[in-house]
Amino acid sequence: MPSKEFGDWQTPDAFALKACKWLNAYTSISPSIILEPTCGLGSFVEAASEVYQDCPTIIGAELNEEYVEASRTRFSEKPNIEIVQADFFINPVIPRVEDGELLIVGNPPWVTNSELSAMGSQNLPDKSNIRGLKGMDAITGSSNFDICEYIILRLMEEYQATDTVIAMLCKTGVARNLVAGAFSDCMKAKFHIAEFDAHRVFDINASACLFVCDFRGANSITCMASSLDDEEAPTRTLEYKKGKLSYALSETAKLLDGDCQLTWRQGVKHDCSKIMELKRAGKHFENGAGEEIDIETDLVYPLLKSSELKKPLTTETKREVLITQKTIGEDTSYIQSVYPKTWEYLSSNGEKLDGRKSSIYRGKPRFSIFGIGDYSFSRYKVAISGFYKEPRFSLIDGSSKAVMLDDTCYFIGLDSFELAYPLMLLLNSKVINGFLKEVSFSDAKRPYTKKVLQRIDLYQAINLVGYEGLLETERSLDLAEMLTPEMVEEFLELVTPNETRLF
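Bear in mind that the values here come from a model prediction, so they are computed numbers and not experimental data.

**Student:** Mind laying out helix H12 (residues 340–348), listing which residues take part and the relevant values?
**Tutor:** At 3.6 residues per turn, the α-helix brings residues three or four places apart onto the same side. Restricting attention to buried positions, one finds in H12 the residues Thr342, Trp343, Tyr345 and Leu346. Taken end-on, H12 shows its buried residues confined to a sector of 160 degrees, consistent with a single buried face. Across from the buried face of H12, at angles greater than 90 degrees, the exposed residues are Glu344 and Ser348.

Structure, rendered in structure tokens:
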């Protein structure tokens, strides 16, 4: 019966019981009503009835008819349990408690609207029905959003300022999104993210948690994080700063947490790798479709993808990329007269390029790209992959021709090796490594985003690490001794804030 269309990962009975016992110990709630809004085969209904034996009313709501019948049979001898067939997106069960506390518990579907749309599913929310809900636009206004996140947010906004506890299994990233949104909207609640091993429980590779939102008596917003599996694991505080959720910072991290004196950029985005990305094939190029092509070389640049940013110094590339613009929105018609072979190649693949789905290409010149500007043509770049769990920075040498990066990379562009080299060492230092791990989450799809990197105060960092610290990093990276005091002085001059300078 399980179906991916419904994000169907049925909770094992034993784990549902474990989660409810943890919840009871953590919240000490005495619910008058318990609701499981997407109850499936009823594992959380069963667990809640065992842990909260004095609760007079337990409601399980479910869309799937087979699950409804199976659950009704399962609980036929328990008069305090009612199983209701309901579509959360159309007619959700929204109980009210006049005198007492409400507990909402369960495991909403772990699936996105894009995944459902790809399957032709109708199991989707109608965006027109949630326009009035604060915060919903952040989810439904995007091309892709998580159904689980939608359901929990819908419940949070329905029951805020009531004596309600919401406790849902979800991906840890979803929980953090919800908490960050609550901070942004000043929603008063006590949040807790209790992580567990989703691979062991559901046989899936995802970071997951029991997400708890306790509105009872909340006059501020707080968030704690711990482990559902390990009682001895430390409980940590999360805080919201500069539009980003992170763990409470150490004193060193607080010193480094500021505004980066240099601007981080994202790599080139083209959304058509088979056409735009090339490899050398003798005197010609070969595109991603394996076709040999003959075009001018002026608009062809070396390319590095994030998976290739492994060494502290990178001088070689395996790929090339076609760069049609020097700035976003630049008219591309010049290519036809200046580079006719390139224009013919692009035009022959015009249907594929015109069919790129992202809305960023609409109304833009034909064959447009994004993530392009003067910074893209910097001779040297200090870059990091957004996907790596360990922060690892690479200095890319584009002294012969600027090296482009794909849009999963973030970088600072400089035109001097003497400036780029100490920057690379500084960013690879133990001090910055520790800071980045404090202000990011290793289980995120992209732990190191522009927003995270832009928090590094390079002036404070270089003063904290110092020349000797940079030499230590240089040795740890097995690099030849190239750093000089003059390089460090020049770099310090670059990042020193104007109000700090003594001249």
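**Student:** Describe in detail the environment of Gln10, supporting the description with residues and values.
**Tutor:** Within the element layout of this structure, Gln10 appears in the segment before helix H1 (13–27). Overall, Gln10 belongs to the partly exposed group, its relative accessible area being 26%. Placed 30 residues apart in sequence, Gln10 and Gly40 show a C-alpha to C-alpha distance of 6.8 Å. In this structure, Gln10 is in contact with Gly40, Leu41, Tyr67 and Phe202, ignoring residues within four places of it in sequence. At 3.0 Å, the side chain of Gln10 forms a polar contact with the backbone nitrogen of Leu41.

**Student:** Which residues make up the packing of aromatic side chains, and what values do they have?
**Tutor:** All chains considered together, the criterion is met by 16 aromatic pairs. Taken together, a centroid distance of 6.3 Å and an interplanar angle of 85 degrees make the contact between Phe88 and Phe89 edge-to-face. Assigned by exposure class, Phe88 and Phe89 land together as buried. With centroids separated by 5.9 Å and ring planes inclined at 65 degrees, the aromatic side chains of Tyr380 and Phe417 adopt a geometry described as edge-to-face. Taken as a pair, Tyr380 in strand S18 (residues 380–385) and Phe417 in helix H14 (residues 417–427) lie far apart in primary sequence, 37 residues in all. Classification of Tyr380 as buried rests on a relative accessible area of 9%. The class for Phe417 is partly exposed, based on a relative accessible area of 22%. Here a set of aromatic residues connected by ring pairs shows up, and it is made of Phe15, Trp110, Phe196 and Phe202. Looking at Arg176, its charged tip hangs above the ring of Phe441, at a distance of 3.8 Å from the centre. Geometry around Tyr361 places Arg356 over its ring, the cationic atom sitting 3.9 Å from the centre.

Conventions we followed
Residues numbered from 1 in each chain as written. Predicted model: local features only at pLDDT ≥ 70, side-chain atom pairs only at ≥ 80, totals over all residues. Heavy atoms only, no water. Buried < 20%, exposed > 50% of the residue type's maximum accessible area, 1.4 Å probe, protein only. Helix = DSSP H or I, 4+ residues; strand = E, 2+ residues; numbered from the N terminus. Arc of directions from axis to C-beta. Contact = heavy atoms within 4.5 Å. Polar contact = N/O pair within 3.5 Å; in protein donor to acceptor, adjacent residues only side chain to side chain. Phe/Tyr/Trp six-rings, centres within 6.5 Å; stacked < 30°, edge-to-face > 60°. Lys NZ or Arg CZ within 6 Å of the ring centre and 35° of its normal.

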